Amino acid sequence: METLSENRAFGGTQGVYRHKSAVTNCEMTFGLFLPEEAKDGPVPLLWYLSGLTCTHENAMTKAGAQAWCAEQGIAMVFPDTSPRGEGVANDEAYDLGQGAGFYVNATQDPWAPHFQMWDYVAEELPALLAENFNLDMDRQGITGHSMGGHGALTLAMNLPGRYRSVSAFAPICNPTASDWGRKQLNAYLGADESLWAKHDASVLMREVGFDGPVLIDTGTADQFGDLLKTEALAEAIAARRQEATLRMQKGYDHSYFFVSTFMEEHVSFHADALYRE
């Protein structure tokens, strides 16, 4: 693992690291904020999964999370959204290929050789973090924005016991019924729609739910509201009687101005779960 940068921030360290990934068959870059408490012992870990077109850097520099993580003594990791580099398949569209991994393991060409983002986030990167940093991997939470909110919700519901809490900012809630989903799931997983269900938060909510607290914020002025399909997840939450808070925030859009506005509340939400015995 190569250290690209380390900057002091809010008493802790914001680092950027690169490593060769056996899962994605290319070099991957991630950001990790460690609070000051990590010098003395393992700290809880909060995952932040980013959205379409993003790298590890977008949320790291624009979400304003470090101050609140430092206040709570929590680490936050910012993985990339896809494999990258020469020889890695791509597409001219912004919502497919590099920057648009959708947190799935691709089975179709030309994506399969590199686009294994589910295994990267669920298996390889956690192992790397546990080996190299002072983290309490028994205390993990997960959050994300847009495509990353989709990833956070689906990982949380597919990996029971892994995360103590899950939240999302304007998540893609029902990708099997949205143009932000059907196109990508077909490209990465093939035409058999039965294989898509484990990557649809609304379907998963009805079938398995999440054994813990859920927090979701979406803006009423979100310009992609028709693609997010928040109402499908709201109906599934109600049908399952899931412990959850889903808030429609008046006047907010899809941007990082929205994310940064509610970041403190999301970090505090996760801290309550991560420190609960």
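As the structure is a computational prediction, the values presented were derived from the model and not from experiment. Think of each chain on its own: its residues are numbered from 1, step by step along the sequence as written. Totals for whole chains, interfaces and linings use all residues, but because this is a predicted model, local features are given only for residues with pLDDT of at least 70 and pairs of side-chain atoms are given and counted only at 80 or more. Hydrogens and waters are ignored; side-chain quantities use all the structure's heavy atoms.

**Details of the packing of helix 3 (residues 117-132) against helix 4 (residues 147-158)**
Axes here refer to lines fitted to C-alpha atoms; in helices the fit is confined to the stretch in contact. Angles between the N-to-C directions go from 0 to 180 degrees. Secondary structure elements are defined from DSSP: runs of H or I of at least 4 residues count as helices, runs of E of at least 2 residues count as strands, and each element is numbered from the N terminus. At a closest axis distance of 12 Å, the pairing of helix 3 and helix 4 adopts a crossing angle of 60°. Accordingly, the angle class assigned to the pair helix 3 and helix 4 is oblique. As for how helix 3 packs across helix 4, the hand of that crossing is right-handed. On the side of helix 3, the interface is formed by Trp-118, Val-121 and Ala-122, while helix 4 contributes Thr-154, Leu-155 and Asn-158. Residues are grouped as follows: Ala, Val, Leu, Ile, Met, Phe, Trp, Tyr, Cys and Pro are nonpolar; Asp, Glu, Lys and Arg are charged; all remaining types, including Gly, are polar. Considered class by class, the residues forming the contact of helix 3 with helix 4 number four nonpolar, two polar and no charged. Every angle not falling under 35 degrees, over 145, or within 65 to 115 is termed oblique; those three ranges are roughly parallel, roughly antiparallel and roughly perpendicular. A crossing counts as left-handed when the near helix is turned anticlockwise from the far one by less than a right angle, and as right-handed when that turn is clockwise. We call two residues contacting when some pair of their heavy atoms lies within 4.5 Å.

**Topic: the nonpolar core**
Remark: nonpolar core denotes a set of buried residues (Ala, Val, Leu, Ile, Met, Phe, Trp, Tyr, Cys) joined through side-chain atoms within 4.5 Å. With a 1.4 Å probe rolled over the protein chains alone, any residue whose accessible area is under 20% of its type maximum counts as buried; one over 50% counts as exposed, and the rest are partly exposed. Membership of the largest hydrophobic core comes to 89 residues, with the highest contact counts inside it found for Phe-30, Leu-32, Leu-129 and Tyr-188. What Leu-129 contacts, discounting residues up to four positions off in sequence, is Phe-30, Leu-32, Leu-45, Trp-47, Val-77 and Leu-135.

**Some details on the side chain of Ser-82**
Along the polypeptide, Ser-82 turns up in the loop between strand 5 (75-79) and helix 3. Residue Ser-82 is classed as buried on the basis of its relative accessible area of 0%. Polar contact criterion, stated in full: a pair of N or O atoms within 3.5 Å, where within protein one must be able to donate a hydrogen and the other to accept it, and residues adjacent in sequence count only if both atoms are side-chain atoms. At 2.7 Å, the side chain of Ser-82 and the backbone nitrogen of Gly-99 are in polar contact.

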